[in-house]
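Chain residues, written in single-letter form:
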Amino acid sequence: MKTRRNFLKLSALGGVAIISNSCFSKENESVKINDTSKNVIKPIVISTWIHGMEANAAAWEILAKKGNSIDAVEAGVRVTESDPENSSVGIGGLPDRDGKVTLDACIMDHENNCGAVACLQDIENPISVARKVMEDTPHVMLVGDGAKQFALEKGFKETNLLTNSSKTAWEKWKEESKYQPVINSENHDTIGLLALDEKGNLAGACTTSGMAYKLHGRVGDSPIIGAGLFVDNEVGAACATGVGEAVIRIAGSAIVVELMRNGLSPNDACKEAVQRIIKKHKDLTNMQVGFIALNKYGETGGYSVYAGFNYALKSSSQNEMVDAKFDRNW
Ligand code: GLY
């Protein structure tokens, strides 16, 4: 695994730029977002945790052929959702305390179109259902039985998402039934994936089985537009991983994008959001949260409360894991 601590030096936005509507302005100097003199890194894709490497590869197949970012982000996270060995996303995800695997996902494109599903059972690829909500309905989010009914109507197949190994893990947990939701089990949870395509359009996708052994019906940040994911094609995109409740409380991904709008680099925007979480919580025990961000220029960043968060980055010149900076050690 390659560490690249100085990758954030890429930031070309500068420290004090202020963005208003469709332009960046640095003091009195106005820098248009589509500044053709700026060296934009595109296409590019980033995604949370080690499972992001495979997801990025699938997204890259589309991006490298000048495909659209929205197709790339969906194709990318579908790989993780369909991996039964991954215990935090899609099939094979650890169940809630009642033994039910419930999935949350959302997707957002460069025109602010978005779709989401929450507490969806028995469907392997919730991200594709979220995309159907976005494209085929006037709504943004469907939940529970209604989301499942919609998925079946759209031709998605019913699938048992509880694998033998996740069932065994749940049965072991039941011996004590200690209600202590686990985040970052095996050092990963959500996959959030952000892409900038050849045309300069951003999109994002976010999907998870949520906290292991959560209360049935619990929904985290991952399907909440503005919390688990946010995209503004004028500025950038961000997504979150970790304790969803903490992310929702600060509208995490929307905040990261707004901070970039106000001139922060992706890394500094993620850092500021993390520090807001730290400030708002008296007890930070097990409160791991990480953000990643990608701006219109293809600059990337990430930051987490605790050490250990990393993300996968793929561009025409890079294909690697990046260790996110962090506020504190465990
Ligand atoms: N970030 C995933 C969750 O809290 O469900």
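Summary of the structure given here. Treat the numbers as computed from the prediction; the structure is a model and nothing was measured.

1. Overview of the overall build of the protein chain
When helices and strands are counted, the protein chain shows 8 helices and 16 strands. For the protein chain, buried positions account for 60% of its 330 residues.

2. Regarding the site of the ligand
Taken together, the residues surrounding the ligand are D189, T190, G210, M211, R218, G220, D221, S222, G242 and G244. At 2.6 Å from an oxygen atom of the ligand is found a side-chain nitrogen or oxygen belonging to R218. With respect to the ligand, the backbone of G244 contributes an N or O atom lying 2.9 Å from an oxygen atom. The fraction of the free accessible surface of the ligand (190 Å²) that becomes covered by protein chains is 100%. Of the residues that constitute the shell around the ligand, the class distribution is 1 nonpolar, 6 polar and 3 charged.

3. Examining helix 4 (residues 144-153)
Buried within helix 4 we find G144, A147, K148, F150 and A151. For helix 4, the arc enclosing every buried residue in end-on projection is 160°, short of the 170-degree limit, so these residues lie on one face. Structural note: helix 4 exposes D145 and E153 on the side pointing more than 90 degrees away from its buried face. Against strand 6 (114-120), helix 3 (126-136) and strand 7 (141-143) lie the buried residues of helix 4.

4. Let's talk about helix 2 (residues 69-81)
Here helix 2 contains 13 residues, and its C-alpha end-to-end distance of 18 Å stays within 8% of the 18 Å for a straight helix at 1.5 Å per residue. Residues of helix 2 that are buried: S69, I70, A72, V73, E74, G76, V77, T80 and E81. Among the structural elements, helix 1 (52-63), strand 5 (103-108), helix 3, strand 8 (191-196) and strand 9 (202-208) are those in contact with the buried residues of helix 2.

5. A short note on the sheet that holds strand 14 (residues 310-315)
Strand order in the open sheet formed by 8 strands is 7-6-5-9-8-4-14-15, and the pairing between neighbours is mixed. The two strands at the open ends of the sheet, each matched to only one other strand, are strand 7 and strand 15 (319-323). Taking each pair of neighbouring strands and ignoring which way they run, the sheet shows an average axis angle of 10°. Of the strand pairs in this sheet, strand 5 and strand 9 are connected by 5 bridges, and their pairing is antiparallel. Bridge pairing in strand 9 links C106 to C206. Taken strand by strand, helix 1 contacts strand 4 (44-48), strand 8, strand 14 and strand 15, and its axis lies near 155° from that of strand 4. Those strands touched by helix 2 are strand 5, strand 8 and strand 9, and its axis lies near 20° from that of strand 9.

6. Looking at the pairing of strand 15
Burial runs high along strand 15: 4 of the 5 residues are buried. Here strand 14 folds back onto strand 15, and the loop between the two strands holds 3 residues.

7. As for the packing of aromatic side chains
Applying the stated criterion across every chain, the model contains 3 aromatic pairs. Between the aromatic rings of W49 and F309, the centroid separation amounts to 5.0 Å while the plane-to-plane angle is 70°, which identifies the pairing as edge-to-face. In this pair, W49 is assigned in the loop between strand 4 and helix 1 and F309 in the loop between strand 13 (300-306) and strand 14, connecting sequence segments 260 residues apart. The exposure class assigned to W49 is buried, which follows from its relative accessible area of 1%. Arranged with centres 4.1 Å apart and planes meeting at 15°, the rings of Y306 and W330 form a pair that is stacked. Here Y306 is found in strand 13, whereas its partner W330 is found in the segment after strand 16 (325-328), with 24 residues between them in sequence.

8. Quick notes on the sheet that holds strand 13
With respect to topology, 5 strands assemble into an open sheet ordered 10-11-12-13-16, the strand pairing being mixed. Each edge of the sheet is formed by a strand with only one pairing partner; in this case those strands are strand 10 (229-232) and strand 16. Neighbouring strand axes in the sheet, compared pairwise and without regard to direction, differ in orientation by 15° on average. Pairing of strand 13 with strand 16 involves 3 bridges; the strand directions are parallel. Residue Y303 lies in a different strand from strand 16, and its bridge partner there is K325.

Thresholds, definitions, all that
- Residues numbered from 1 in each chain as written.
- Predicted model: local features only at pLDDT ≥ 70, side-chain atom pairs only at ≥ 80, totals over all residues.
- Heavy atoms only, no water.
- Helix = DSSP H or I, 4+ residues; strand = E, 2+ residues; numbered from the N terminus.
- Buried < 20%, exposed > 50% of the residue type's maximum accessible area, 1.4 Å probe, protein only.
- Near = heavy atom within 4 Å.
- Polar contact = N/O pair within 3.5 Å; in protein donor to acceptor, adjacent residues only side chain to side chain.
- Areas by Shrake-Rupley, 256 points an atom, 1.4 Å probe, with all protein chains shown as cover.
- Nonpolar A, V, L, I, M, F, W, Y, C, P; charged D, E, K, R; others polar.
- Arc of directions from axis to C-beta.
- Contact = heavy atoms within 4.5 Å.
- Expected span 1.5 Å × (residues − 1).
- Pairing = 2+ DSSP bridges.
- Axes fitted to C-alpha atoms, helices over the stretch in contact; angles between N-to-C directions.
- Phe/Tyr/Trp six-rings, centres within 6.5 Å; stacked < 30°, edge-to-face > 60°.

Fair warning: the whole summary comes from geometry, so function is off the table for now.
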